[in-house]
Amino acid sequence: MAKTPKVKTDIREATAAIKTIMQENLAAISSAMIDQIMANYRSLPPSKRLDATVGIVPSGINTYKDALKNALAVVAYDSLEKARKEVPKKKNVRLSFDDESLKLGDYKKLPPDIRKRIDNMLKNLVGTQIADIEKIVFFQFSSSVDSTDSESILQKDLQDGADDYVDGANVNGGASAAASQIINEARQAFFLDDDVQSEIEAFQFVNGDPVSAICQELAGKIFAKDDPALDRFWPPLHFNCKSFISPILVGNLGNREINEINPSDRALKAIKFAEQDINNLILGLKKSGPDAP
């Protein structure tokens, strides 16, 4: 019997690695912003110090995007290579690669659809994170500037606000969503390829410890490979989702029953990301369920 792929472990490890990159770069970006604000503060007369945030432009964004892009590419490529091992007879299917791309780095080795997904993540995730940091730092400045004459206290207030964001649920949520999304997207791209489909008889929804209502209903269920709802219910389906889809190869289904994907209304309501917890960081990464806002 084939070993169960350790996708849940891969998601956890990828989340940790992506989170570290996010925290390091966002900390550097926020510190540079604070330095600019404090430099403006010192150069302005007391009557004009409220204008210290005017014209502040975050720096280091491209460096952050490059680091995150490289990390997501490594995660996606690793996931794609592991997916190949789950369908041994089709392990050499190259999807839509071209010969020239194979000479380049991990990002260029990825199928165009996965590269587009990574680009979309970078646009939405990084853009939202930078906007959040700006709001936090600027609001903290306007709240603190009139409460103290001490530059060191003012700067500490700004840094504490930024640190709370960098170390908080927003960044952790963004890392978790990005890791789960890109791993599952890479697996989906391989398993649903026309050349690979001939070796797959069905798919199984896998989660050994489901928490949400949707994953509890779907965990362990087997679905037809051509079920029209398969794409819509391909994980991740919610914030911090650790579910994944595993292929059942031709000849391995046995007497197991194939189910129609038809979750209850209660389960459908769980198909959404906890936007109130991560402040829209994953906006655009995954379509929401029919009952999501």
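Report on the accompanying structure. (Residues numbered from 1 in each chain as written. Predicted model: local features only at pLDDT ≥ 70, side-chain atom pairs only at ≥ 80, totals over all residues. Heavy atoms only, no water.)

## Quick look at unusual backbone geometry
In the segment running from P235 into P236, the intervening peptide bond is cis, with an omega of 0°. Looking at the secondary structure, you find P236 in the loop between β2 (222-224) and β3 (244-249). Positive phi outside glycine occurs at N240, with the angle close to 65°. Along the polypeptide, N240 turns up in the loop between β2 and β3. Its relative accessible area of 40% is what places N240 among the partly exposed residues. (Helix = DSSP H or I, 4+ residues; strand = E, 2+ residues; numbered from the N terminus. Buried < 20%, exposed > 50% of the residue type's maximum accessible area, 1.4 Å probe, protein only.)

## Side note on helix α6 (residues 169-191)
For α6, with 23 residues, the first-to-last C-alpha span of 33 Å sits near the 33 Å given by 1.5 Å per residue. Burial of α6 is extensive: 20 of the 23 residues sit out of reach of the surface. (Expected span 1.5 Å × (residues − 1).)

## Digging into the pattern of salt bridges
One pass over the full model with this rule turns up eight salt bridges. The shortest N-O distance in the salt bridge between E81 and R84 comes to 2.9 Å. One end of the pair, E81, and the other, R84, are both in helix α2 (residues 61-86), three residues apart, so they sit about a helical turn from each other. Look at E81 and you get partly exposed, because its relative accessible area is 27%. Here R187 ties to E86 by a salt bridge, and the two come within 2.6 Å at their closest N and O atoms. With R187 in helix α6 and E86 in helix α2, this pair connects stretches of sequence that are 101 residues apart. As far as the burial class goes, R187 and E86 line up, both buried. One salt-bridge network, held together by shared partners, links D10, D78 and K82. (Salt bridge = Lys/Arg side-chain N within 4 Å of Asp/Glu carboxyl O.)

## Some thoughts on the pairing of β3
Taking burial as the measure, the six residues of β3 include six buried ones, the bulk of the element. Two elements, strand β1 (residues 200-206) and β3, share six bridges in a ladder whose sense is antiparallel. When the sheet's bridge partners are listed, Q204 is paired in β3 with S246. (Pairing = 2+ DSSP bridges.)

## Some remarks on the packing of helix α1 (residues 7-43) against α2
Remark: α1 packs on α2, axes separated minimally by 9 Å, with the N-to-C direction vectors making an angle of 175°. Judged on the interaxial angle alone, α2 and α1 are roughly antiparallel. For the pair α1 and α2, the contacting residues are D10, A14, I18, I21, M22, N25, L26 and I29 in the first and I61, T63, Y64, A67, L68, A71, L72, V75 and K82 in the second. (Axes fitted to C-alpha atoms, helices over the stretch in contact; angles between N-to-C directions. Parallel < 35°, antiparallel > 145°, perpendicular 65-115°, else oblique. Contact = heavy atoms within 4.5 Å.)

## Here we look at the state of the cysteines
Under the counting rule described, the total for this entry stands at zero disulfides. Of all cysteine sulfurs in the structure, the one in C241 sits closest to C215, which takes part in no disulfide; the separation is 3.9 Å. (Disulfide = S-S within 2.5 Å.)

## Here's the deal with the nonpolar core
The biggest cluster of nonpolar side chains holds 49 residues, and the ones touching the most others in it are M22, L26, L68, L72, I118 and I182. Put simply, the parts of the chain that give this core at least two residues each are α1, α2, α4 (112-144), α5 (151-166) and α6. A per-element tally of this core places α1 first, with 13 residues. Aside from chain neighbours lying at most four places away, what touches I118 is K69, L72, A73, Y107, L110 and I182. With 27 residues, the next largest nonpolar core counts V93, F190, F205 and L218 among its residues. (Core = buried A, V, L, I, M, F, W, Y, C linked by side-chain atoms within 4.5 Å.)

## Some thoughts on the sheet that holds β1
As summarised here, the arrangement of the three strands in space is β2-β1-β3, forming an open sheet in which the pairing is antiparallel. Of all strands in the sheet, those with a lone pairing partner are β2 and β3, marking the two edges. Averaged over all pairs of adjacent strands, the angle between their axes in this sheet comes to 35°, without regard to strand direction.

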